[in-house]
Amino acid sequence: MQGVFVTLEGVDGSGKTTQTALLVRALEEAGREVVRLREPGGTAISEQIRHILLDPMNSEMCDECELLLYEASRAQLVREVIEPALATGKVVVCDRYYDSTYAYQAGGRGLDDDLVRRANVLGSCGRVPDATVVFDIEPRVAWGRAIANGADRLEAAGLSFQEKVRAAYLRLAAEEPARVRVVDADGTIDEVNARLCAALADVLPDLR
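Starting from 1, residues in each chain are numbered consecutively following that chain's sequence as written. The model is predicted, so local features are restricted to residues of pLDDT at least 70 and side-chain atom pairs to those at 80 or more, both for listing and for counting; the totals for chains, interfaces and linings are taken over all residues. Side-chain descriptors were evaluated using all non-hydrogen atoms of the structure, hydrogens and water having been removed beforehand.

### Regarding the packing of helix H1 (residues 16-29) against helix H8 (residues 189-199)
Logical step 1: Helix axes use the C-alpha atoms of the stretch in contact, all axes being lines fitted to C-alpha atoms, and the angles between their N-to-C directions lie in the range 0 to 180 degrees. The helix count covers DSSP runs of H or I at least four residues long, the strand count covers runs of E at least two residues long, and both are numbered beginning at the N terminus. Contact pair H1 / H8: the axes reach a minimum separation of 10 Å and the direction vectors enclose 65°. Pair H1 / H8 crosses with right-handed handedness. Across from Thr18, Gln19, Leu22 and Leu23 in H1, the residues of H8 making contact are Ile189, Val192, Asn193 and Leu196.
Logical step 2: Each residue receives one of three labels: charged for Asp, Glu, Lys and Arg, nonpolar for Ala, Val, Leu, Ile, Met, Phe, Trp, Tyr, Cys and Pro, and polar for the others, Gly being one of them. For the contact of H1 with H8, a count of residues per class yields five nonpolar, three polar and no charged. In a left-handed crossing the near helix is turned counterclockwise from the far helix by less than a right angle, and in a right-handed crossing that turn is clockwise. Two residues qualify as a contact provided that any one of their heavy atoms is within 4.5 Å of a heavy atom in the partner residue.

In structure tokens, the structure reads:
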């Protein structure tokens, strides 16, 4: 069975991590072998980079450093975990991938679009997801959820930052409608999950 690579995206507090867990469980119940990942992270090296990126103490980190650290973490994850898993027919479900870098570093931070896109090609080692779901929700609602128990370095950037991130995600969906699918994240967990499964039915028929 051919491997399938699915990525889940959205602003902080959109509920994508909860939906990632539900998706993985549904696929496993359908008999698929699943590798669940998150970005940044997923390997020993990538987890160390994650700590540096999200640590509120690193407030002096410049935008270019942030971009390169995300790409370094991703490259290690692709080579060490994602590519081997896909080669053996597994379903890889990743909570964030290079679309997050575009949304946060180009959209939120304001780095040059073309620069970030080229960096994403390098960091992903050219590995493009089969399908990407963006959980879309009003940023004010999502941000309130995200910071309820304290904010990491990215969440601490504020509401206006999250609004820019959302706008960047919607631009990506308009540019790549075959790959990037927008799911309304407003509603109960079960309602959102039903929308997620419907959005992925073409690449993961096990969910039907």
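### Regarding the sheet that holds strand S3 (residues 91-95)
Logical step 1: Following DSSP output, two strands are said to pair if at least two bridges run between them. Here five strands make up an open sheet; going across it, the order is S2-S3-S1-S4-S5 and the pairing parallel. Every interior strand has two partners, whereas the edge strands, strand S2 (34-38) and strand S5 (180-184), have only one. Neighbour to neighbour, the strand axes of the sheet diverge by 20° on average, direction disregarded.
Logical step 2: Taken together, the five bridges between strand S1 (residues 4-10) and S3 define a ladder with parallel strand orientation. Along S3, the bridge assignment pairs Phe5 with Val92.

### Quick look at the nonpolar core
Logical step 1: Grouped together as the largest cluster of nonpolar side chains are 40 residues, with contacts concentrated most on Leu23 and Leu200.
Logical step 2: At six residues, helix H7 (residues 159-175) tops the list of elements feeding residues into this core.
Logical step 3: The contact partners of Leu23, leaving out residues within four places of it in the chain, are Val6, Leu8, Val93, Asn193, Leu196, Leu200 and Leu207.
Logical step 4: Here, nonpolar core means buried Ala, Val, Leu, Ile, Met, Phe, Trp, Tyr and Cys residues that are tied together by side-chain atoms lying within 4.5 Å of each other. Per-residue accessibility, obtained with a 1.4 Å probe over protein chains only, is compared with the maximum for each type, and a residue is labelled buried under 20%, exposed over 50%, and partly exposed between these values. Counting residues in each nonpolar core, the second largest holds 13 residues, with Val35, Ile82, Leu86 and Tyr97 among its members.

Scope: geometric values only; no functional claims are made or implied.
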